[in-house]
Amino acid sequence: MRELTCIVCPNSCTITVDGDQITGNLCNKGRDFAISETTNPTRTITSTVVTTFDSCPALSVRTDKEIAFDKIFALIDLLKKVKVTKRVKIGDIVLANVFNSGVNVIATKNIE
Amino acid sequence: MQQFNTDILVIGSGPAGLSAANSAISQGATVIIVERERSLGGILKQCIHDGFGLVRYGQKLTGPEYAQRDIDVLIHSSATILLSTFVTSIVKSEHGFIAEFVNRQGAGNIRANKIIFATGCRERTSKQILIQGTNPSGVMTAGTAQHYINLQGLMPTKRCVILGSGDIGLIMARRLTLEGAKVVGVYEIKATPSGLTRNVVQCLNDYGIPLYLSHTVTRVFGADRLTAVEICRVDEHMKVIPDTAEIIECDALILSVGLIPETEMHNQLSLPIDKNTSGAIVDQHFMTLMDNCYSVGNATHVNDLVDYVSQSGEIAGKHASCSCQPRFFVRPKLNGELAYFIPQVIDVSSSDKDIVCYFRSKRDIKRAVITVKDKDKIVYTKRLNNVKPTEMQRILVDISKLDNTSIVSVELEEICEN
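Residues numbered from 1 in each chain as written. Chains lettered and ligands numbered in written order. Predicted model: local features only at pLDDT ≥ 70, side-chain atom pairs only at ≥ 80, totals over all residues. Heavy atoms only, no water.

## Here we look at the pattern of salt bridges
Residues and elements named next belong to chain B. Within the structure shown, the criterion is met by 18 salt bridges over all chains. For Arg363, the salt bridge is made with Glu337, and the minimal N-O distance between the two is 3.3 Å. Remark: Glu337 occurs in the loop between strand E22 (333–336) and strand E23 (338–342) and Arg363 occurs in the loop between strand E25 (354–361) and strand E26 (365–374); sequence separation between them is 26 residues. Its relative accessible area of 33% is what places Arg363 among the partly exposed residues. (Salt bridge = Lys/Arg side-chain N within 4 Å of Asp/Glu carboxyl O. Helix = DSSP H or I, 4+ residues; strand = E, 2+ residues; numbered from the N terminus. Buried < 20%, exposed > 50% of the residue type's maximum accessible area, 1.4 Å probe, protein only.)

## Some details on the nonpolar core
Ranked by internal contacts, the top residues of the largest apolar core, which has 42 residues, are Val49, Leu59, Val84 and Val94 of chain A together with Ile162, Leu176 and Ile254 of chain B. Other than its neighbours up to four places away in sequence, Ile162 of chain B contacts Gly169, Met172, Ala173, Leu176, Val183, Gly185, Val186, Tyr187 and Ile254 of chain B. If you look at the next biggest cluster of nonpolar residues, it comprises 39 residues, including Leu18, Ile116, Met287 and Tyr294 of chain B. (Core = buried A, V, L, I, M, F, W, Y, C linked by side-chain atoms within 4.5 Å. Contact = heavy atoms within 4.5 Å.)

## Things to note about the pairing of strand E27 (residues 377–387) of chain B
Residue and element names in this part refer to chain B. Two strands pair when backbone bridges link them, and E26 and E27 are joined in this way by nine bridges, in the antiparallel orientation. When the bridges of E27 are listed, Val372 appears paired with Tyr380. Adjacent in sequence and paired antiparallel, E26 and E27 are bridged by two residues, among which Lys375 carries a positive phi angle near 55°. (Pairing = 2+ DSSP bridges.)

## Side note on the side chain of Arg198 of chain B
In this fold, Arg198 of chain B is placed in helix H5 (residues 197–204). A distance of 3.4 Å separates a polar atom in the side chain of Arg198 of chain B from the backbone oxygen of Val8 of chain A. Excluding anything up to four places from it in sequence, Arg198 of chain B contacts Cys6, Ile7, Val8, Cys9, Pro10 and Ser12 of chain A together with Gly51 and Leu54 of chain B. (Polar contact = N/O pair within 3.5 Å; in protein donor to acceptor, adjacent residues only side chain to side chain.)

## Describing helix H1 (residues 15–26) of chain B
Residue and element names in this part refer to chain B. Under the 1.5 Å per step criterion, the end-to-end length of H1 is 16 Å for 12 residues, consistent within 8% with the ideal 16 Å. Most of H1 sits out of view: 11 of its 12 residues are buried. Those residues of H1 lying buried are Pro15, Ala16, Gly17, Leu18, Ser19, Ala20, Ala21, Asn22, Ser23, Ala24 and Ile25. On the buried face of H1, the contacting elements are strand E1 (2–11), strand E2 (31–34), helix H2 (63–75), strand E8 (106–117) and helix H7 (306–320). One or two residues past the end of H1 sits Gly28, with phi positive at roughly 100°. (Expected span 1.5 Å × (residues − 1).)

## Things to note about the domain arrangement of chain A
As a measure of interface size, the accessible area lost when the parts come together is often cited. Domain annotation of chain A identifies domain 1 (2–39) and domain 2 (46–107). Summarising the inter-unit geometry, the C-alpha centres of domain 1 of chain A and domain 2 of chain A are found 29 Å apart. (Domains from an automatic or database assignment.)

## Remarks on the interface of chain B and chain A
If you look at the interface, chain B gives 27 residues, while chain A gives 27 residues. Contact between chain B and chain A buries roughly 2400 Å² in total, counting both sides, with carbon and sulfur atoms accounting for 55%. Area buried by chain B at its contact with chain A is led by Glu65, Leu178 and Arg198 of chain B, which between them contribute 23% of it. Linking chain B with chain A are 10 residue pairs in polar contact (both at pLDDT 80 or more), by the criterion used here. (Buried area = accessible area lost by both parts, 1.4 Å probe.)

And the structure:
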C-alpha cells in the first residue's frame, strides 16, 4: 500500500494505491497520475537555455510531454549545452526527441 | 507634454491588467494600459514553471505562455499600450481621474473616466522580518532570485538556505537544485507549510530537499557577502528556543515570507483598505468604495491561482465598460473561522444573480460548512473538505433575493461528526 499526493492540480488529493485499488482521487486524472507514479514516474520539466540575444539572455523552455523522472538531471545537462542563435516563438522546438523518448523541448516565450 | 483621454485606464499589465483591458475592449470601451516595465506580462514573465491555466484553459501552461495568450489579444486590439511608463500620481477630477506619468518621452497625463488598479503584490523583504546581524549581500527575496535565474540567466548562489515555505520559495528550491545549487533546507516558522501541498511534494520531496517546520533564521553573518546564518527552533507560540541555535554556512538566504497587495496608488485616493486582506475593499465587480475606481487581482487579495486573478480582471473590465449606476451596499458580517471574505461589500442594486466570492479560513479544518444568511434565512450553504488558510476557496452565491433591507452574514464553521 502506498499513499501519494496528487500533483495534477491544486486540490492535492491524497491517493491511496493498494494493488489494483486506487482511492482518494477526486477525478480520473488523479487515477492516471497514481498509476504512472507507482509504475513509471514522469514529470514535465521547465528550465532555461542561453541565447545570443541581448534582449533575451535566458529563454524559458519546457518538455512538450512528461519525461521519466530519472532522466531529469541528464536533461538539464543537455540543456546547458544549448545556445539559441535564431529567433524562436512559443512552441518552437529547441531540442528534438531527447533520449529517443519522443519528447521535445520547446520554447515557452517569443524572442522579440 | 503627452496627453491622453480614455474611458478606462488600466494600471499594470500582469494577468489582472491584461484581462481587465481585454474584457473592457471586447465590450466596446476605449482603454489605455500603462506598464512600468519594458514588456507586458508582469510577474508571469519570470514564472517559467508550469501549472498555470488549468481552470481557465484546462491546460498546464508556463507563466510566459499563459501571459502571451492575453498579450496576443491585447496587441491586436484598439488598446493604447504605454510601456516603460510609470504613474507618479492619481487624483480624482470632476468627471473621473487624472493620472500623471513619466517615461522616456518625458512627463504626461491621462484623463480617464474610470480606473482599474492591477498593481499586483510585493514580496515581504528582510526589512519586514526581524533578523539580527550584519548587512551582507546575498539576502534576497525568492522573486529576486527567480528574476536572476529565469530572465537574466545568472546564478545568485551556490549554497543557500530558504526561509519561508511560500509557493515561490518552494518553486525556487527546485529551480536552484536543478541549476546546480545546493539548497540546504527550507525553514518555516509555522508548524505547517505555507505553500500548496502539491508544491511541497513536487518541489521538495522529489529532490530530497528537507523542510524544517517550526524553525526560523535568527541571525546572518558576513561582511560583504553572506557567509552563514543561524537557525533556531521555535515553540508553539513561534518564540525562539535559544539553546537550539545552529550555524549553517551558505552564500545566500532566500526569503519566501509572504506577499502583500501593492496599494500605494490606492492610498493616493484614500481608498479604504481591508485589514484582513491588506488590499482595497471591493464589491462583487471589484469596484472599490469610490465609484468608477476598481482594484483587481493580487492588488486586492493575494490569490493562489492566476486563473482567478484573470477572472477578477475580466469581471471588472466588463463592468467598467458599462455606465455606473448608484450603488447600494450591504456589508456581510463575518463569523466563525473566516480569515477574510471577498467581496467585502455587496452592491444589491445590481441585477446580478450569481456572484463570485473568495475566502480563506483562519486554520486547517477537515470538514467545514460555509453559510451565507440574510437575517435568519439561508441564502447559500456548502460543505467543504480540507479547508486550509493556504488554499483559497471560491463559491458562487445567488444574490438576486438580497435587497437594501438585507442583513447579510457569512459563517465558516467546523462540522463535528461521529
